[in-house]
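Results of the structural survey
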Amino acid sequence: LLLVIALVMTANYSEAASRKRKARVPGHESKVEKLTREANNGNVGSQFELARMYYTGDGIRQNYDEAFKWYKKAADRGDANAQYRAAEMYYYGRGVRQSYSESAQWFRKACIASHHDDRSKGSAFQKASDSYREGKYKLAAEQFQAAWSRPVVKHQPKPEPKPASASELFTP
């Protein structure tokens, strides 16, 4: 009888402790709830962060379908990093049906939105664009991805030649 009473008391205590942990403080919401609310209201930063959390399983159960949904929403609003992540998800088929064509399109948008199509990357970006026009979508996706990952090199004018000194001008 004492064993039964002890088991019942333990079960009741565990249940009460579980309810207490789940209870919310009025006016306080979890990070995921806050991000979801903000993301639903169109906040691109929250859409990207929520997607990242779903993708990595950071503080939430990993879910590629949800990650893609939120990356795509942010990508549609012009976020270059979200466009890049959506392209990767299309490329690998995570959370969405694999499509090299869609992947290449989103990598291209990401390059343009982040100015990775500038003159310093012109040849890499141009090769990717040519591959895309030729219907080589997988190759184009890989080339756009490579163009994105190259550091942007700023063009600097060549320094003017230093004028010769008087002694250099008049040497016998």
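Residues numbered from 1 in each chain as written. Predicted model: local features only at pLDDT ≥ 70, side-chain atom pairs only at ≥ 80, totals over all residues. Heavy atoms only, no water.

This brings us to the packing of aromatic side chains. What the rule picks out here adds up to eight aromatic pairs. Taken together, the aromatic side chains of Phe48, Tyr55, Tyr64 and Tyr71 make up a single cluster linked through ring pairs. Taking NZ or CZ as reference, lysine 73 lies 5.3 Å from the ring centre of tryptophan 70, over its face. Its end group placed over the ring of tyrosine 92, arginine 94 keeps NZ or CZ at 5.2 Å from the ring centre. (Phe/Tyr/Trp six-rings, centres within 6.5 Å; stacked < 30°, edge-to-face > 60°. Lys NZ or Arg CZ within 6 Å of the ring centre and 35° of its normal.)

Turning our attention to the pattern of salt bridges. This model, assessed by the stated rule, comprises eight salt bridges. Between arginine 52 and glutamate 49 there is a salt bridge, and its shortest N-O distance comes to 2.6 Å. Here arginine 52 and its partner glutamate 49 are both found in helix H3 (residues 44-56), three residues apart, which amounts to about one turn of the helix. Here arginine 52 falls in the partly exposed class, since its relative accessible area comes to 24%. The partner of glutamate 88 in a salt bridge is arginine 85, with the nearest N and O atoms 2.8 Å apart. Of the two residues, glutamate 88 and arginine 85 both sit in helix H5 (residues 80-92), three residues apart, roughly one turn of that helix. Owing to a relative accessible area of 16%, glutamate 88 belongs among the buried residues under this scheme. (Salt bridge = Lys/Arg side-chain N within 4 Å of Asp/Glu carboxyl O. Helix = DSSP H or I, 4+ residues; strand = E, 2+ residues; numbered from the N terminus. Buried < 20%, exposed > 50% of the residue type's maximum accessible area, 1.4 Å probe, protein only.)

What follows deals with H5. Helix length check: H5 (13 residues) gives 19 Å between terminal C-alpha atoms against 18 Å at 1.5 Å per residue, within 8%. Most of H5 is tucked away, with ten of its 13 residues classed as buried. Looking at the packing, one finds that the buried side of H5 touches H3, helix H4 (64-76), helix H6 (100-113) and helix H8 (137-149). Measuring from the backbone nitrogen of asparagine 81 back to the side-chain oxygen at the start of H5 gives 3.1 Å, which picks out aspartate 79 as the cap. Remark: glycine 93 follows H5 within two positions and exhibits a positive phi of approximately 70°. (Expected span 1.5 Å × (residues − 1). Contact = heavy atoms within 4.5 Å. Polar contact = N/O pair within 3.5 Å; in protein donor to acceptor, adjacent residues only side chain to side chain.)

The next thing to look at is H3. Spacing of three or four residues puts side chains on the same side of an α-helix, whose turn is 3.6 residues. Here H3 is 13 residues long and its end C-alpha atoms lie 18 Å apart, about the 18 Å a rise of 1.5 Å per residue gives. Val44, Ser46, Gln47, Leu50, Ala51, Met53 and Tyr54 are the residues of H3 that are buried. The inward-facing, buried residues of H3 abut helix H2 (31-40) and H4. Backbone nitrogen of glycine 45 and a side-chain oxygen of the N-cap are separated by 3.0 Å at the start of H3; the cap is asparagine 43. Once H3 ends, the next one or two residues include glycine 57, with phi positive near 80°.

Okay, the nonpolar core next. In terms of nonpolar packing, the biggest core is built from 37 residues, with Leu50 and Phe144 touching the most fellow members. When residues of this core are traced back to their parent elements, those giving at least two are H2, H3, H4, H5, H6, helix H7 (122-133) and H8. Top contributing element to this core by residue count: H5, with eight residues. If near-sequence neighbours (up to four positions away) are discounted, phenylalanine 144 is found in contact with Ala104, Phe107, Arg108, Cys111, Phe125, Ala128, Ser129 and Tyr132. (Core = buried A, V, L, I, M, F, W, Y, C linked by side-chain atoms within 4.5 Å.)

As a packed pair, H6 and H8 sit with axes 8 Å apart at the nearest point and diverge in direction by 25°. Between H6 and H8, the interaxial angle falls into the category roughly parallel. The two elements H6 and H8 meet at a crossing, and its hand is left-handed. Residue-level inspection shows Tyr100, Ser101, Ser103, Ala104, Phe107, Arg108, Ala110 and Cys111 of H6 in contact with H8, the latter providing Tyr137, Lys138, Ala140, Ala141, Phe144, Gln145, Ala147 and Trp148. (Axes fitted to C-alpha atoms, helices over the stretch in contact; angles between N-to-C directions. Parallel < 35°, antiparallel > 145°, perpendicular 65-115°, else oblique. Left-handed = near helix turned anticlockwise from the far one by under 90°.)

This part is about the packing of H2 against H3. In the contact formed by H2 and H3, the axes pass within 8 Å of each other and the chain directions differ by 135°. Accordingly, the angle class assigned to the pair H2 and H3 is oblique. Classified by chirality, the crossing of H3 by H2 is left-handed. Residues Lys31, Val32, Leu35, Thr36, Glu38 and Ala39 of H2 pack against Ser46, Gln47, Glu49, Leu50 and Met53 of H3. Among the residues forming the contact of H2 with H3, the class breakdown is five nonpolar, three polar and three charged. (Nonpolar A, V, L, I, M, F, W, Y, C, P; charged D, E, K, R; others polar.)

Any functional reading would require information beyond the geometric quantities listed.
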